[in-house]
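Each chain, written out:
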Protein chains: 2
Amino acid sequence: MTEHPSAALTSALSFQIGVLGATVTDLFATRIAPLGLKPKHAGLLALLAREGARSQAEAAETMGVAPSLLVRLADQLQDLGAITRERDPGDRRRQELALTAEGTALLESCDQVAERIDATLTSDLGPAEVAALRHALSVMTGFGPSSQRGE
Amino acid sequence: MTEHPSAALTSALSFQIGVLGATVTDLFATRIAPLGLKPKHAGLLALLAREGARSQAEAAETMGVAPSLLVRLADQLQDLGAITRERDPGDRRRQELALTAEGTALLESCDQVAERIDATLTSDLGPAEVAALRHALSVMTGFGPSSQRGE
DNA sequence: CGTAAATGATTCAAGGTGTGAATTACTTGG
DNA sequence: CCAAGTAATTCACACCTTGAATCATTTACG
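Described in the following lines is the structure provided in the data block. As the structure is a prediction and not an experimental result, all values here were calculated from the model. (Residues numbered from 1 in each chain as written. Chains lettered and ligands numbered in written order. Predicted model: local features only at pLDDT ≥ 70, side-chain atom pairs only at ≥ 80, totals over all residues. Heavy atoms only, no water.)

1. Quick word on the overall build of chain A
Right, on to step 1. Within chain A, the secondary structure is distributed over six helices and three strands.
Right, on to step 2. When contacts within chain A are restricted to residue pairs at least 6 apart in sequence, long-range pairs at least 24 apart make up 53% of them.
Right, on to step 3. When the accessible surface of chain A is totalled, it reaches about 7,400 Å², and 53% of it is carbon and sulfur. (Helix = DSSP H or I, 4+ residues; strand = E, 2+ residues; numbered from the N terminus. Contact = heavy atoms within 4.5 Å. Areas by Shrake-Rupley, 256 points an atom, 1.4 Å probe, with all protein chains shown as cover.)

What follows is the structure, encoded as structure tokens:
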């Protein structure tokens, strides 16, 4: 019997993850705002760092956003000097995005912000509990469609 | 030494929770759309079910949204017949929101949707792992400001 | 070959969501 | 009884994101 008569929605995992995710992302956004970045910018930087230079279409696909949005994000990152945009010599339709030193530094800063948030987030959890959470997240992140959104 | 040179942001808990939360909330939104509801509507219904009739200002505070937005949400729920809005006799500035039978039914539907999402989300986790996740979430949800957003 | 379909990037207009300021109604404290 | 504070509401505005249209380039194929 897994039926809860009025399980109150609030106790659903998906609801809690949604709420917590929104809160955490808001906090992350305000903390990186001084850098001139928003969460999706950070997501794109992280994507480039993980998988190297990619075409914009591929990046949009993996981030789950419209290609037209990725153009703007790339524009803004380029204005910040965080990425370079070069035509692929082999296929001149493609723009290859690559991190600059500046971009790597910005990503580092975002990383530090995220880790500080992690610290407060898990301050009431033991190491084993954090490990269990990390494991569950890593499993769940690889579900549904191929998703890697910029938060 | 808790320093990870290029810990890649992607591995930060806050980042993963943010990304997963956005994905899950999107999915939830599309599934409850046929009911005429959006995640925040569901959040408000759940709040009323948990804590009973409240003034709009209190509801806005706990949900972390502007009072002006709560007016709209309440308007729309009222149009659906999901809630009633009555002036508090003791303080005629206040509007008391209360669930109707229709609203309770809608909340039930949202709950079922969320639980179905939970099922797919945790399909690759064992019962103990799910319990650990649930525990970690319940601890973390009670952090930072008093937050109970509508996803 | 060389033309048609497909793919990538880009721009633009439009929709939806949320906020802050201004307004009105009501309550409360001096 | 008046002033300040609080609740609800409306409204205009800003922001994010998308889809459609456009242009450049590549690829498939007749």
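2. What about unusual backbone geometry?
Residue and element names in this part refer to chain A.
Right, on to step 1. Residues other than glycine seldom take positive phi values, yet Leu9 does so here, at roughly 55 degrees.
Right, on to step 2. Mapped onto the secondary structure, Leu9 falls in the segment before helix H1 (13-32).
Right, on to step 3. Looking at Leu9, the relative accessible area reads 0%, which means it is buried. (Buried < 20%, exposed > 50% of the residue type's maximum accessible area, 1.4 Å probe, protein only.)

3. With respect to the relation of the copies chain A and chain B
Right, on to step 1. In screw terms, the move from chain A to chain B is a rotation of 180 degrees and a rise of 0.0 Å along the axis, fitting with an RMSD of 0.1 Å. Those values place the two copies in the arrangement expected of a two-fold rotation axis. Considering only C-alpha atoms, the residue of chain A closest to the rotation axis is Gly21(A), which sits at 2.3 Å.
Right, on to step 2. The residues that chain A uses at the interface reappear at the interface of chain B in 100% of cases, marking a shared surface. (Least-squares fit on C-alpha atoms with pLDDT ≥ 70 in both.)

4. Quick notes on the protein's contact with DNA strand C
Right, on to step 1. Residues in contact with DNA strand C amount to 21 residues; listed here are only the nearest, Gln56(A), Ala57(A), Arg93(A), Gln95(A) and Lys38(B).
Right, on to step 2. Taken together, the sugar and phosphate atoms account for 65% of what DNA strand C places within 4 Å of the protein.
Right, on to step 3. Gln56(A) is positioned with one of its side-chain polar atoms (N or O) 2.7 Å from a phosphate oxygen of DNA strand C.
Right, on to step 4. Taken together, the elements giving at least two residues each to the surface near DNA strand C come down to helix H3 (56-63), helix H4 (67-79) and strand S3 (91-99) of chain A together with helix H4 (67-79) and strand S3 (91-99) of chain B.
Right, on to step 5. When residues in the surface near DNA strand C are grouped by element, the largest group, four residues, is from H4(A).
Right, on to step 6. Class assignment of the residues belonging to the surface near DNA strand C gives a composition of six nonpolar, five polar and 10 charged. (Near = heavy atom within 4 Å. Polar contact = N/O pair within 3.5 Å; in protein donor to acceptor, adjacent residues only side chain to side chain. Nonpolar A, V, L, I, M, F, W, Y, C, P; charged D, E, K, R; others polar.)

5. Comments concerning the side chain of Asp118(B)
Right, on to step 1. Examined against the element boundaries, Asp118(B) turns out to sit in helix H5 (residues 101-121).
Right, on to step 2. Despite its burial, Asp118(B) pairs with no opposite charge, the nearest such side chain being Arg134(B) at 4.4 Å.
Right, on to step 3. A polar contact of 2.7 Å, which involves the side chain of Asp118(B), links it to the backbone nitrogen of Leu13(A). (Lys, Arg positive; Asp, Glu negative; His and termini not counted. Salt bridge = Lys/Arg side-chain N within 4 Å of Asp/Glu carboxyl O.)

6. Thoughts on the sheet that holds strand S2 (residues 83-88) of chain A
Residue and element names in this part refer to chain A.
Right, on to step 1. Taken together, the three strands give an open sheet; going across it, the order is S1-S3-S2, and neighbouring strands pair in antiparallel fashion. The sheet is open, and its two borders are formed by strand S1 (54-55) and S2, each paired with just one other strand.
Right, on to step 2. Where S1 and S3 come together, two bridges link them in antiparallel fashion. Note that in S3 the partner of Ser55 across the bridge is Glu96.
Right, on to step 3. Contacts between helix H2 (residues 39-51) and the sheet are confined to S1, S2 and S3, with S3 contributing the most and set at about 100 degrees to the helix. (Pairing = 2+ DSSP bridges. Axes fitted to C-alpha atoms, helices over the stretch in contact; angles between N-to-C directions.)

7. Some remarks on the protein's contact with DNA strand D
Right, on to step 1. For DNA strand D, the set of nearby residues contains 21 residues, the closest of which are Lys38(A), Lys40(A), Gln56(B), Ala57(B) and Gln95(B).
Right, on to step 2. Taking Lys40(A), its side chain carries an N or O atom lying 2.6 Å from a phosphate oxygen of DNA strand D.
Right, on to step 3. In this structure, a base oxygen belonging to DNA strand D sits 3.0 Å away from a side-chain N or O atom of Ser68(A).
Right, on to step 4. Of all the elements, H4(B) adds the most residues to the surface near DNA strand D, at four residues.

8. Considering the pattern of salt bridges
A side chain of one charge can pair with a side chain of the opposite charge if their charged atoms are brought near each other.
Right, on to step 1. One pass over the full model with this rule turns up 10 salt bridges over all chains.
Right, on to step 2. Arg93(B) is the salt-bridge partner of Asp91(B), the closest N and O atoms lying 2.9 Å from each other.
Right, on to step 3. Taken together, the shared-partner salt bridges connect Arg50(A), Glu51(A) and Arg54(A) into one network.

9. Here we look at the interface of chain A and chain B
For interface size, the figure often reported is the accessible area lost on association.
Right, on to step 1. Each partner contributes to the interface: chain A provides 56 residues, whereas chain B provides 58 residues.
Right, on to step 2. Across the chain A/chain B interface, buried area totals approximately 5,300 Å², and carbon plus sulfur atoms make up 70% of it.
Right, on to step 3. Counting every contact that joins chain A to chain B gives zero salt bridges.
Right, on to step 4. If you look at where chain A meets chain B, you find 14 residue pairs in polar contact (both at pLDDT 80 or more).
Right, on to step 5. Of all elements in the fold, only H1, H2, helix H5 (101-121) and helix H6 (127-141) of chain A reach the threshold of two or more residues within the side of chain A that touches chain B.
Right, on to step 6. Among the elements that take part in the side of chain A that touches chain B, H1(A) stands out by supplying 15 residues, more than any other. (Buried area = accessible area lost by both parts, 1.4 Å probe.)

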